[in-house]
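Coordinate inspection notes
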Amino acid sequence: IDTKYKKLSKEEQNNWVSSSDIYQMFMYWMRYFNDNEEKNIILLYPEFEQNFSYFFESEENIKIHIKTVNLNIKLYKKSWLERLKQELRDFVEEL
């Protein structure tokens, strides 16, 4: 899992995600997890204008999951923080 703190851009060629973000995750996976049977990469971005969730699979059968997360919440409130945690848990468990 990698998190980015930047807006997804409609101008990007890879479905709003910069090529460098995807490349970076591939390199991490190849360096640290290449022996692992699990081939999931998760990129999380803050949600700005809309909720975004996207999935694709590389030629190497690596699954790339991209999702925005609403951070415009009161994280100091336990109930809001728990809601965010649950949203992330649900997302990861679906993989």
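Residues numbered from 1 in each chain as written. Predicted model: local features only at pLDDT ≥ 70, side-chain atom pairs only at ≥ 80, totals over all residues. Heavy atoms only, no water.

With respect to the pattern of salt bridges
Taken as a whole and assessed by the stated rule, the structure comprises five salt bridges. With a shortest N-O distance of 2.9 Å, Lys6 and Asp21 are connected by a salt bridge. With Lys6 in the loop between strand E1 (2–3) and helix H1 (19–32) and Asp21 in helix H1, this pair connects stretches of sequence that are 15 residues apart. Linked by salt bridges that have partners in common, Asp2, Lys4, Lys6 and Asp21 make up one network. (Salt bridge = Lys/Arg side-chain N within 4 Å of Asp/Glu carboxyl O. Helix = DSSP H or I, 4+ residues; strand = E, 2+ residues; numbered from the N terminus.)

As for the nonpolar core
Counting 13 residues, the largest nonpolar core has Val17, Ile41, Leu43 and Ile66 as the members making the most contacts within it. Sorting the residues of this core by element identifies H1, strand E2 (40–46) and strand E4 (63–69) as the ones contributing at least two each. When sequence neighbours within four positions are dropped, the list of residues in contact with Leu43 reads Asp2, Lys4, Val17, Asp21, Ile22, Met25, His65, Ile66 and Lys67. Judged by nonpolar contacts, the second largest core, of six residues, contains Ile42, Leu44, Ile73 and Phe91. (Core = buried A, V, L, I, M, F, W, Y, C linked by side-chain atoms within 4.5 Å. Buried < 20%, exposed > 50% of the residue type's maximum accessible area, 1.4 Å probe, protein only. Contact = heavy atoms within 4.5 Å.)

Considering the environment of Thr68
In this structure, Thr68 sits in strand E4. Filtering out sequence-adjacent residues up to four positions away, Thr68 remains in contact with Leu8, Tyr45, Pro46, Glu47, Gln50, Asn51, Phe52 and Glu87.

Description of the sheet that holds strand E3 (residues 53–57)
One open sheet accounts for four strands, arranged E1-E2-E4-E3; its pairing is mixed. The outermost strands of the open sheet, each flanked by one partner alone, are E1 and E3. Bridge count for E1 against E2 is two bridges, and the pairing is parallel. Within the sheet, the bridge partner assigned to Thr3 lies in E2 and is Leu44. Strand contacts of H1: E1, E2, E3 and E4, with the helix running at about 140 degrees to E2, the strand carrying the most contacts. Each of E2, E3 and E4 is contacted by helix H2 (residues 78–93), which is oriented at about 165 degrees to E4, the strand it contacts most. (Pairing = 2+ DSSP bridges. Axes fitted to C-alpha atoms, helices over the stretch in contact; angles between N-to-C directions.)

Quick word on H1
When the terminal C-alpha atoms of H1 are compared, their 20 Å separation across 14 residues agrees well with the 20 Å that a helix rising 1.5 Å per residue should span. Taken together, the buried positions of H1 are occupied by Asp21, Ile22, Met25, Phe26 and Trp29. The buried residues of H1 all sit within an arc of 135 degrees when viewed along its axis, so they share a single face. Away from the buried face of H1 by more than 90 degrees, exposed residues Tyr23, Arg31 and Tyr32 are located. For H1, the secondary structure elements touched by its buried residues are E1, E2, E3 and E4. (Expected span 1.5 Å × (residues − 1). Arc of directions from axis to C-beta.)

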